Amino acid sequence: MGTPIALDVRYEQRPASDILGNGSDVLAVFEFGRSPLDAVDPRHVPVALPQISEKAVVEVWRAAGPVESGKLKHINFVRGLDLSMGHIALNLAEFPGIREASYVAYRELQDFLGRSPHHWPLKIWNYIPGINEGEGDQECYREFCVGRAKALAEAYGDQPPMPAATAIGADAAEPALQVYFLAGALPGLNVENPRQVNAWQYPRQYSPRSPLFSRGTIMQVEQSRQFLISGTASVVGHETHHDNARDQVIESVRNVNSLLAEGKRLLGGDQPSLGDSGVLRVYVRTPEDLPSIRATLGEIIPDEMPRVYLHGDICRSDLLTEVDGIVNCP
Ligand code: 3EB
C-alpha cells in the first residue's frame, strides 16, 4: 500500500443521511439533483445538477479529523486536520443579478479563508443557474466572471490566488448560485496546460473580465499528492474545437492528459494517469449525448476510475461536455 491520501473521494450508493449519521471523518456528502438551498447540515452539499447515469450515488469526501463544522455568514464549513471544505448558496432572488451574487460569494469566501487555519483555496466549484442566458456581455457566465474578478481584485489586487476551478450551469429555474471549495494550510501548485491559453489570458471576446483559475492544482499534504483537475473542455488554444460530443470528450481527455504530463514535468515522480486512482465527473449538456460520451470514455479511460455523469450546461454555448476530477498521484 502507498501512503494514505489526504482527501478520500468515493461515489457511494447510500442515502446521504446514512453517511452524515455515522462518519466522524466526513468532510462532505454531495447529493445530486437537489437545490443547494436544501442543505440540512454543513457537511451536506446538495448540488442542483441531476445525475443522469443510472445507480444514483452520492459523492463522499473524507479526510483526517478531528472534523468540526460551523457557519460564517452564508458559508457552511467543515474543518478537518489538514483540509477544509466550505459551501455557499445565494438565493438569486435577493440580488439584482448574478454579477452581484458572485461578488458577494467571493467576498465571503475571501473573508472565510482569511480567518481559517486553512488559508489557501485549492479548488473552487461554481454552479450557475442559466449560465448561457443573456446576450453578449450580459450572458450569465460573463456576469459571473465580472463579479468574481471584482471581489478577487479587492481582496488581492492583481495577483489573486488562482486555484483550479469548475464553472457549470444549472437549470435556469434553480434559485441559487452555488460555490463550494476545498482549502488547505499550504498553497497548492498550480499547473497550466501547454495546449491551452491560460484562462486568465483569454482574449476579450469571451468575457469583459477573464476567468480566474488555473487548469489544475496539485495538493500536497505530507506524502500525499493529488491532482485537482479544473473543468476541462474541448478548448485548444483559446478556441472551442469540434461540434459533436464524441470528439469533444476525446479532446477534453487529451487536455487532461497533457496537464498531467505538465505536472510530472514540473514536479518529477511518477505521472499519475486517468484510470489509476481518483474520480471523474462528466458534465453533459444534452442528455441524448450520454450514450456516446459514456461509450467514448469507456474506450479511453480504464473502468477502475469511477465516474459520474451530471446534466449541466457548459460555460460556452458551443461546448457540449466537460470533465473534472481528482487524480491521486502514485
Ligand atoms: C474553459 O476551458 C472552460 O470560469 O471558473 C472551466 C473551468 C471553465 C473553470 C471558471 C471555466 C471555469 O474555459 C470553462
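One can find the structure itself at the top, above this paragraph.
Keep in mind that this is a model prediction, so the values were computed, not measured.

Novice: Looking at this structure, I do not really get the sheet that holds strand β8 (residues 120–129). What am I missing?
Specialist: By way of backbone hydrogen bonds, the strands of a sheet pair with one another, either parallel or antiparallel. Taken together, seven strands build an open sheet; the order of strands is β5-β6-β7-β10-β8-β9-β18 and the sheet is mixed. The open sheet is flanked by β5 (68–72) and β18 (313–314), the only strands paired with a single partner. As judged from the seven bridges shared by β8 and strand β10 (residues 176–184), these two strands associate in the antiparallel manner. Counterpart to Pro 121 in the pairing with β10 is Ala 183. This element, helix α2 (residues 98–115), spans β5, β6 (75–79), β7 (83–91), β8 and β10 of the sheet and lies at about 25 degrees to β10. Sheet strands in contact with helix α3 (residues 140–156) are β8, β9 (164–170) and β10, and its direction is about 145 degrees off that of β8.

Novice: Where do I start with the sheet that holds strand β12 (residues 216–221) in this structure?
Specialist: A sheet is described by the order of its strands in space; here six strands give the open sequence β11-β12-β13-β19-β16-β17, paired in mixed fashion. The outermost strands of the open sheet, each flanked by one partner alone, are β11 (189–191) and β17 (307–311). Adjacent strand axes in the sheet meet at a mean angle of 15 degrees, parallel and antiparallel pairs treated alike. Of the pairings in the sheet, the one linking strand β16 (residues 278–284) to strand β19 (residues 321–328) comprises seven bridges and is antiparallel in character. The partner of Tyr 283 across the bridge, within β19, is Glu 322. Each of β16, β17 and β19 is contacted by helix α5 (residues 290–300), which is oriented at about 155 degrees to β17, the strand it contacts most.

Novice: Could you clarify how one ought to interpret the site of the ligand in this entry?
Specialist: Taken together, 14 residues surround the ligand, and among them Tyr 141, Arg 148, Tyr 202, Arg 215 and Cys 315 come closest. In the environment of the ligand, an oxygen atom lies 2.7 Å from a nitrogen or oxygen atom belonging to the side chain of Tyr 202. For the ligand, the protein covers 100% of the area, taking 360 Å² as the surface of the free molecule. Broken down by secondary-structure element, the contributors of at least two residues to the shell around the ligand are α3 and β9.

Novice: Please clarify how the pairing of β17 should be interpreted in this entry.
Specialist: Every regular strand shows the same layout, with side chains that alternate between the two sheet faces. Most of β17 is tucked away, with four of its five residues classed as buried. In this sheet, β17 lies alongside β16 in parallel orientation, the contact comprising five bridges. Bridge pairing in β17 links Leu 280 to Arg 307. Handedness of the crossover joining β16 and β17 through α5 is recorded here as right-handed.

Novice: Which parts of the structure should I look at to understand the pattern of salt bridges?
Specialist: Proximity of charged atoms lets side chains of opposite charge pair with each other. Taken as a whole, this structure holds 23 salt bridges when the rule is applied. Residues Asp 8 and Arg 10 are paired through a salt bridge, measuring 2.7 Å at the closest nitrogen-oxygen approach. The salt bridge involving Asp 25 is made with Arg 62; its shortest N-O contact spans 3.8 Å. Residue Asp 25 is located in the loop between α1 (16–22) and β2 (26–32), and its partner Arg 62 is located in strand β4 (residues 58–62); the two are separated by 37 residues in the primary sequence. For Arg 62, a relative accessible area of 16% corresponds to the buried category.

Reading guide: rules and limits
Residues numbered from 1 in each chain as written. Predicted model: local features only at pLDDT ≥ 70, side-chain atom pairs only at ≥ 80, totals over all residues. Heavy atoms only, no water. Pairing = 2+ DSSP bridges. Helix = DSSP H or I, 4+ residues; strand = E, 2+ residues; numbered from the N terminus. Contact = heavy atoms within 4.5 Å. Axes fitted to C-alpha atoms, helices over the stretch in contact; angles between N-to-C directions. Near = heavy atom within 4 Å. Polar contact = N/O pair within 3.5 Å; in protein donor to acceptor, adjacent residues only side chain to side chain. Areas by Shrake-Rupley, 256 points an atom, 1.4 Å probe, with all protein chains shown as cover. Buried < 20%, exposed > 50% of the residue type's maximum accessible area, 1.4 Å probe, protein only. Right-handed = clockwise from strand over helix to strand, strands pointing away. Salt bridge = Lys/Arg side-chain N within 4 Å of Asp/Glu carboxyl O.

Nothing here speaks to function; it is geometry throughout.
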